[in-house]
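# Coordinate inspection notes
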Amino acid sequence: MPDNLCACCVVSQERPSLGTRPVVRAGDRCPLAVASSRCRNSDTQNGMKGKPRAILSPRAMAFKVLASLVAVLAALQATNGAITRRVTCPDGVNTASNAACCALFPVLDDIQKNLFDGGECGEEVHESLRLTFHDAIGISPAITATGKFGGGGADGSIAIFDDIETNFHANNGVDEIIGEQKPFIARHNITTADFIQFAGAIGVSNCPGAPRLDVFVGRKDATQPAPDKTVPEPFDTVDSILARFADAGGFSPEEVVALLASHTVAAADHVDPSIPGTPFDSTPELFDTQFFIETQLRGTLFPGTGGNQGEVESPLHGELRLQSDSELARDSRTACEWQSFVNNQAKLQSAFKAAFRKMTILGHAESDLVDCSEVVPTPPAPASDAHFPAGFSNSDVEQACASTPFPTLSTDPGPVTSVAPVPPS
């Protein structure tokens, strides 16, 4: 039946004369404005002669549709509520979207108080962040392809087999933070693999300007050590460093640069043993862009003895520059990406967060892990703007990006900057 034909008879909205009962027969065309609560069908073919049939008015029909939509929305909200329903943790204080995350709250409280000195962005934070990388990067599909064990990535092997892996040259000095972390692992229900990555993320959350990093649990601990030479060295060439990252996890040159944002809250203890705790930029207590600025300033001095493997001249007294950082800041494949962080705190945060997430699950399928990022505290807001250290300006920049000029920055007032070492805890 065509849409514009009546299935039954209806009456016009026009009020009928007293004593009359206008009828439209079935099959007649229906005016758009016609409405009635009931009609008489005089078509004898349908077997309903003389029997009235109720017809909904447009208003009633609209109400019925609205009621149906409300019911659907209520059902969806109930379903969504069931999906996002939080569980109360055994401590009776915290809640989590997954019960597996509850075990992290006592670990969080313990390490903030007893490892990170009450929530500081200090030496143990720097070393814990370094350990996340040295453990996770220990994986090589290229080695696995030769029939040998290529490492398990973020599997805790660096601490489980510390008698082996801490003797690798690239891991010089990590034995100290491993020794500090082991008692925490022993007294909590957490794998070594999960603890290393969790501690690094929590430590970074103490640093003003840092992103809130992602945290996962469910990694299985290593059953054998990672192979040697999977951790890049500061004296490696750019070609070698980029190839190592590409092999480990398909990291692009841009992601390599992003991961090196970790050096903004880092210090060297063993590159020049005569000056332990020497930072890589002038604000090691802040997760800011100064590292990307100061690595592009012309190097003129060594902060200590000089002539150390993997070290080149730096621009500031008390600041150490790694050869690898200097070369990546000036290589045509990475220079423009490096410079792009100079006065872009938001990009620094988002790029490091994404690269850290990728690194922290190397060797694992993310679908096999539980996302417990909600446990990570929100870091303090950025506490500084991009600037040249006192005594420096654009004329001291070694321009390496061929396509974009170096940003114009203000210079701190006062005498030429000298950077203090990061104090031990």
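In this text, all values refer to a predicted model and were calculated from it rather than measured experimentally.

Detail in the predicted coordinates should be disregarded across regions flagged by low pLDDT. Summarising the model, the chain shows a mean pLDDT of 88, and 80% of its residues fall at 70 or more. Per-residue pLDDT stays below 50 along residues 1-53; that stretch engages in 64 contacts with residues further than four places along the chain or on separate chains. pLDDT under 50 marks residues 78-82. Its contacts with residues more than four places away, or in other chains, come to zero contacts.

For Asn394, the position within the fold is in the segment after strand 10 (370-371). Spatially, the C-alpha atoms of Asn394 and Leu297 are 8.6 Å apart, while their sequence positions differ by 97 residues. Those residues within four positions of Asn394 in sequence are excluded, and the remaining contacts are Phe388, Phe406, Pro407, Thr408 and Leu409. For Asn394, the side chain forms a polar contact with the main-chain oxygen of Pro407, separated by 3.1 Å.

This next bit is on the packing of aromatic side chains. Per the counting criterion, the structure on display carries 10 aromatic pairs. Both rings, one in Phe184 and one in Phe195, keep their centres 6.4 Å apart while their planes meet at 15 degrees; by these two values the pair is stacked. With Phe184 in helix 7 (residues 174-186) and Phe195 in helix 8 (residues 192-204), this residue pair connects regions lying 11 residues apart in the sequence. As far as the burial class goes, Phe184 and Phe195 line up, both buried. Aromatic ring contacts, followed pair by pair, group Phe291, Phe292, Trp338 and Phe341 into a single cluster. Lying across the ring of Phe184, Arg187 places its NZ or CZ 4.5 Å from the centre. Sitting over the face of the ring of Phe341, Lys347 holds its NZ or CZ atom 5.1 Å from the ring centroid.

Before going further, it helps to spend a moment on the environment of Glu255. Residue position: Glu255 is located in helix 10 (residues 253-259). With 103 residues separating them in the primary sequence, Glu255 and Lys358 have C-alpha atoms 9.5 Å apart. Among residues more than four places away in sequence, those in contact with Glu255 are Gly250, Ala355 and Lys358. Of note is the side chain of Glu255, whose polar atom sits 3.0 Å from the side chain of Lys358.

Now for empty space enclosed by the protein. Applying the stated rule across the entire model yields one cavity of 30 Å³ or more. By volume, the largest cavity amounts to about 50 Å³. If you trace the largest cavity, you find it lined by His134, Gly138, Glu165, Phe168, Ala170, Asn171, Ala226, Pro227, Asp228, Lys229, Thr230 and Val231. Of the residues that constitute the lining of the largest cavity, the class distribution is five nonpolar, four polar and three charged.

With 12 residues, helix 9 (residues 238-249) extends 17 Å from end C-alpha to end C-alpha; this agrees with the ideal 16 Å at 1.5 Å per step. Within helix 9 the residues assigned to the buried category are Val238, Ile241, Leu242, Arg244, Phe245 and Ala248. Taken end-on, helix 9 shows its buried residues confined to a sector of 155 degrees, consistent with a single buried face. Elements in contact with the buried residues of helix 9: helix 3 (123-136), helix 4 (141-144), helix 10 and helix 12 (323-330). Of the residues flanking the end of helix 9, it is Gly250, one or two places downstream, whose phi is positive at about 70 degrees.

Time to look at the pattern of salt bridges. Applying the stated criterion to the full structure yields 15 salt bridges. Note that Asp247 is salt-bridged to Arg244, the shortest N-O span being 2.9 Å. Taken together, the residues Asp247 and Arg244, both in helix 9 and three residues apart, mark about one turn of the helix. The buried category is assigned to Arg244, whose relative accessible area is 10%. Three or more residues joined by partner-sharing salt bridges are found here, namely Asp214, Lys353, Arg357 and Glu366.

Procedures and definitions
Residues numbered from 1 in each chain as written. Predicted model: local features only at pLDDT ≥ 70, side-chain atom pairs only at ≥ 80, totals over all residues. Heavy atoms only, no water. pLDDT = per-residue confidence, 0-100. Contact = heavy atoms within 4.5 Å. Helix = DSSP H or I, 4+ residues; strand = E, 2+ residues; numbered from the N terminus. Polar contact = N/O pair within 3.5 Å; in protein donor to acceptor, adjacent residues only side chain to side chain. Phe/Tyr/Trp six-rings, centres within 6.5 Å; stacked < 30°, edge-to-face > 60°. Buried < 20%, exposed > 50% of the residue type's maximum accessible area, 1.4 Å probe, protein only. Lys NZ or Arg CZ within 6 Å of the ring centre and 35° of its normal. 1 Å grid on protein atoms, 1.4 Å probe; cavity = no way out; pocket = protein on both sides within 12 Å on 5 of 7 lines; lining within 4 Å. Points joined across faces, edges and corners; volume = space filled by probe spheres on them. Nonpolar A, V, L, I, M, F, W, Y, C, P; charged D, E, K, R; others polar. Expected span 1.5 Å × (residues − 1). Arc of directions from axis to C-beta. Salt bridge = Lys/Arg side-chain N within 4 Å of Asp/Glu carboxyl O.

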